[in-house]
Amino acid sequence: MGVNLNQEVMTKGVLRAGAAYMVNDYNQPTPNNRVDNDVKALIGFDYNIKEWLKIGVDYILWNRNSNTSIYNFADNRFMMTVGVTY
């Protein structure tokens, strides 16, 4: 389950935000069946330099909580992008 939002700001910018929640039940035939709860969140900004050229910056968070602790993690990413449309 997730939600995304894009909002134009100024005349050439787009602010993006999103979030998702997932439950993964692995149905393993073991006494302690593994279940993961994942939360993902994103915030980003795109700027259209020209009609055919854009740049962007994103921050993405992915957090997993599992009942099997070796699978727990938090992943933080910063990303810069360049897009060309032709």
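Provided above is the structure to which this section pertains.
Residues numbered from 1 in each chain as written. Predicted model: local features only at pLDDT ≥ 70, side-chain atom pairs only at ≥ 80, totals over all residues. Heavy atoms only, no water.

Trainee: Tell me about the packing of aromatic side chains, residues and numbers included.
Mentor: Within this structure, the stated rule accounts for 2 aromatic pairs. Centre to centre, the rings of tyrosine 59 and phenylalanine 78 are 4.9 Å apart; their planes meet at 40°, and the pair counts as tilted. Of the two residues, tyrosine 59 is situated in strand β4 (residues 53-66) and phenylalanine 78 in strand β5 (residues 73-84); the sequence distance between them amounts to 19 residues. For tyrosine 59, a relative accessible area of 26% puts it in the partly exposed group. On the basis of relative accessibility, which here comes to 70%, the residue phenylalanine 78 falls in the exposed class. (Phe/Tyr/Trp six-rings, centres within 6.5 Å; stacked < 30°, edge-to-face > 60°. Helix = DSSP H or I, 4+ residues; strand = E, 2+ residues; numbered from the N terminus. Buried < 20%, exposed > 50% of the residue type's maximum accessible area, 1.4 Å probe, protein only.)

Trainee: Run through the pattern of salt bridges, naming residues and quoting values.
Mentor: The full count for this structure, using the stated rule, is 7 salt bridges. Here aspartate 46 makes a salt bridge to lysine 54, at a shortest N to O gap of 3.9 Å. Among the residues examined, aspartate 46 registers a relative accessible area of 10% and is labelled buried. Through salt bridges with shared partners, a single network forms among Arg16, Asp46, Lys54 and Asp58. (Salt bridge = Lys/Arg side-chain N within 4 Å of Asp/Glu carboxyl O.)

Trainee: Tell me about a nonpolar patch on the surface, and please be specific about residues and values.
Mentor: Where nonpolar side chains cluster on the molecular surface, the patch consists of Met10, Tyr47, Ile49, Trp52, Ile55, Val82, Val84 and Tyr86 and spans about 950 Å² of accessible area. Taken together, the elements giving at least two residues each to the nonpolar patch come down to β3 (35-50) and β5. One can find valine 84 in strand β5. Accessibility expressed as a relative area gives 52% for valine 84, which makes it exposed. (Patch = residues over 30% accessible without salt bridge, like charges linked within 9 Å, V, L, I, M, F, W, Y side chains within 5 Å. Areas by Shrake-Rupley, 256 points an atom, 1.4 Å probe, with all protein chains shown as cover.)

Trainee: Provide a residue-level description of the pairing of β5, including the pertinent values.
Mentor: Strand residues, when the strand is regular, have side chains that alternate between the two faces of the sheet. Relative to β5, β4 is paired through 12 bridges, and the arrangement is antiparallel. When the sheet's bridge partners are listed, isoleucine 55 is paired in β5 with valine 82. Two successive antiparallel strands, β4 and β5, enclose a turn made up of 6 residues. (Pairing = 2+ DSSP bridges.)

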